[in-house]
Amino acid sequence: MAVWERIGSRGDVEDRRGMSTVAGGIGVVGIALIAGITLLAGGDLGDVANNIFSIVEDQGLTQQNTQEFEGEDSYERFASTVLGSNNDMWNQIFQQQNRAYTTPKLVLFRNATQSGCGIATSDVGPHYCPFDRTIYLDETFFDELKTYLGGSNEDVAQAYVISHEVGHHIQNILGDLEGRQTNEDSIKIELQADCYAGLWGNYISDLNILEPNEIQEAIDAASAVGDDRIQQKVEGQINPETWTHGSSAQRVESFNKGYTTGDFNSCRL
Ligand SMILES: [Zn+2]
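Please read these numbers as outputs of a predicted model, since none were measured by experiment. (Residues numbered from 1 in each chain as written. Predicted model: local features only at pLDDT ≥ 70, side-chain atom pairs only at ≥ 80, totals over all residues. Heavy atoms only, no water.)

A separate point is the state of the cysteines. A full pass over the atoms with the stated rule returns 2 disulfides. The disulfide that involves Cys117 links it to Cys129, with 2.1 Å between the sulfurs. On the S-S bond that ties Cys117 to Cys129, the torsion sits near 90°, and the link is right-handed. Note that Cys117 is positioned in the loop between strand E5 (112–115) and strand E6 (118–121) and Cys129 in strand E7 (residues 127–129), a separation of 12 residues in sequence. Cys117 gets classed as buried once you look at its relative accessible area, which sits at 9%. Accessibility expressed as a relative area gives 0% for Cys129, which makes it buried. Sulfur-sulfur distance for the disulfide between Cys195 and Cys267 comes to 2.0 Å. Between Cys195 and Cys267, the S-S dihedral sits near -75°, and the bridge is therefore left-handed. Taken as a pair, Cys195 in helix H6 (residues 183–205) and Cys267 in the segment after helix H9 (248–261) lie far apart in primary sequence, 72 residues in all. The buried category is assigned to Cys195, whose relative accessible area is 1%. Taking only the cysteines that form disulfides and numbering them from first to last, the protein chain has the pattern 1-2, 3-4. (Disulfide = S-S within 2.5 Å. Helix = DSSP H or I, 4+ residues; strand = E, 2+ residues; numbered from the N terminus. Buried < 20%, exposed > 50% of the residue type's maximum accessible area, 1.4 Å probe, protein only.)

Written out as structure tokens, the structure reads:
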């Protein structure tokens, strides 16, 4: 367990877990639209595991208000700290390039919630919506990651996933998500987001908050969400033509590129 308390920075987190929305009447819109939004939003497990980006009609949503998530809990603090440390690093990198960095927002939710890309559902897995510059995260995804893929669901693995989503935010503000529609484009974008997460791994390693070799949790998580590993598990066979995120080996390699060099330029598309 990393010593997150040593990082004072905080990101912009909105906790909607207490207003969890139950998706009724799922209206799945055409495949092309789904593929486009999945690519933009970068659902990092669910799109393959469940073959969806469910677009739920607004009228099918039911709000369930609970007291359970009132006040800031440790998970909210954790997510905010990971986001804050990413913001610190990207601020530095952007400054070195004479650019202005704008921070993303992170929404914690359960089941489904409204996003700038339609209705975000838990099935999609953690993802980033470029239209409202927001990361959507239902942290119960990490239990799924562990159950189905044997990936780690420890804190550093989860921090890797959040940092990968911040990577999509970077691509968005640099204009790198525009006009990318093919699976090949998608893989490049995903691998670059892994490289960006690796940069963050390098950055926090210097902060001395990790236990020895704890970064391995992030590497194991990157491997667990490789397309080949997920397809083997979910479909029982591997079809590289349908990949959108890259193989386990490619994802680990990309993470390591950012992690070992700590150099933004090593992550070029
Ligand atoms: Zn992604």
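Attention shifts here to helix H4 (residues 141–149). Along H4, the residues classified as buried are Phe141, Phe142, Leu145 and Leu149. End-on view of H4: buried residues confined to an arc of 100°, all on one side of the axis. Gly150 sits one or two residues past H4 and shows a positive phi near 70°. (Arc of directions from axis to C-beta.)

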